[in-house]
Amino acid sequence: MPVSRSPAVKPPTRRSPGMRTRSALRPRRPQTRPAELAELWSGGQTGADRAALDFARARGIPMGGWCPRGHRAEDGLIPPGYPLTETASDDYEERTRLNVRDCDATVIFSLSPGLTGGSRYTLEVAQSLGKPVLHLTAAGGVRAAAVRLREFLRWYRVRRLN
């Protein structure tokens, strides 16, 4: 039995006041006021991890996170002054799992689009735990990265960021 179809309805050619359009590729913005970032967490490793803690300290944002037993880092020991809690082991992966688990979302900064080593493991952990994760690269430019980060924090209402 043939199915009758109604004629296609054309979209309006002019936007009504208050009418919003939305790209099919971008999620709809939340309607409520976003939560304010309350804490920055990090594992205290070299590079972006310590930069995040230094950023938080300079702006009076509470900070914390998990680090391997003995305050181990790639460059020796994590310097004193970072309020990190030691894990039960000296395993870097345990630190990563705990930081991702205990935060609302994770941001990974890298120079190139491909992730390797600990950064790749962080992405995998976040995905396996169903946690929001954003990967920002230097290739996209600083302003574009800042916009993406701001939208990510608002969309997921992040209070504690890893």
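Preceding block: the structure.
Predicted model, so just to flag it, every value in this text is computed and none were measured.

Definitions and cut-offs
- Residues numbered from 1 in each chain as written.
- Predicted model: local features only at pLDDT ≥ 70, side-chain atom pairs only at ≥ 80, totals over all residues.
- Heavy atoms only, no water.
- Core = buried A, V, L, I, M, F, W, Y, C linked by side-chain atoms within 4.5 Å.
- Buried < 20%, exposed > 50% of the residue type's maximum accessible area, 1.4 Å probe, protein only.
- Helix = DSSP H or I, 4+ residues; strand = E, 2+ residues; numbered from the N terminus.
- Axes fitted to C-alpha atoms, helices over the stretch in contact; angles between N-to-C directions.
- Parallel < 35°, antiparallel > 145°, perpendicular 65-115°, else oblique.
- Left-handed = near helix turned anticlockwise from the far one by under 90°.
- Contact = heavy atoms within 4.5 Å.
- Nonpolar A, V, L, I, M, F, W, Y, C, P; charged D, E, K, R; others polar.
- Salt bridge = Lys/Arg side-chain N within 4 Å of Asp/Glu carboxyl O.
- Right-handed = clockwise from strand over helix to strand, strands pointing away.
- Pairing = 2+ DSSP bridges.

Draft legend 1. Quick peek at the nonpolar core. Formed by 18 residues in total, the largest nonpolar core has its most connected members in Ile78, Leu84, Val107, Phe152 and Leu161. Of all the secondary structure elements, the ones that give two or more residues to this core are helix H1 (48-59), strand S8 (133-137) and helix H4 (142-155). Looking at this core, the element that brings in the most residues is H4, giving three residues.

Draft legend 2. Here's a closer look at the packing of helix H2 (residues 92-102) against helix H3 (residues 117-129). Packing of H2 against H3 leaves a shortest axis separation of 10 Å and a crossing angle of 45°. By the angle between their axes, H2 is oblique relative to H3. Our pair here, H2 against H3, has a crossing hand that is right-handed. Residues Glu93, Thr96, Arg97, Val100 and Arg101 of H2 pack against Tyr121, Thr122, Val125, Ala126 and Leu129 of H3. Split by residue class, the contact of H2 with H3 holds five nonpolar, two polar and three charged.

Draft legend 3. Examining the pattern of salt bridges more closely. The tally for this structure, following the rule as stated, stands at six salt bridges. Arg160 is paired through a salt bridge with Glu39; the nearest N and O atoms lie 3.0 Å apart. Of this pair, Arg160 sits in strand S9 (residues 160-161) while Glu39 sits in strand S1 (residues 39-41), placing them 121 residues apart in sequence. Residue classification places Arg160 among the partly exposed positions, given a relative accessible area of 24%. Between Asp75 and Arg50 there is a salt bridge, and its shortest N-O distance comes to 2.8 Å. A residue pair is termed long-range when its members are at least 10 positions apart, and Asp75 in the loop between strand S4 (72-73) and strand S5 (76-77) and Arg50 in helix H1 qualify at 25 residues. Classification of Asp75 as partly exposed rests on a relative accessible area of 46%. Judged by its relative accessible area of 11%, Arg50 is buried.

Draft legend 4. Representation of the pairing of strand S7 (residues 106-110) within the structure. In terms of burial, S7 is a largely internal element, four of the five residues being buried. Of the crossover connections in this fold, the one passing from S7 over H3 to the parallel S8 is right-handed.

Draft legend 5. The sheet that holds S9, seen in detail. Here three strands make up an open sheet; going across it, the order is S2-S1-S9 and the pairing parallel. With one partner strand each, in any of the chains shown, strand S2 (63-64) and S9 form the two edges of the open sheet. By the bridge criterion, two bridges tie S1 to S9 in an arrangement that is parallel. What sits directly across from Leu40, in S9, is Leu161.

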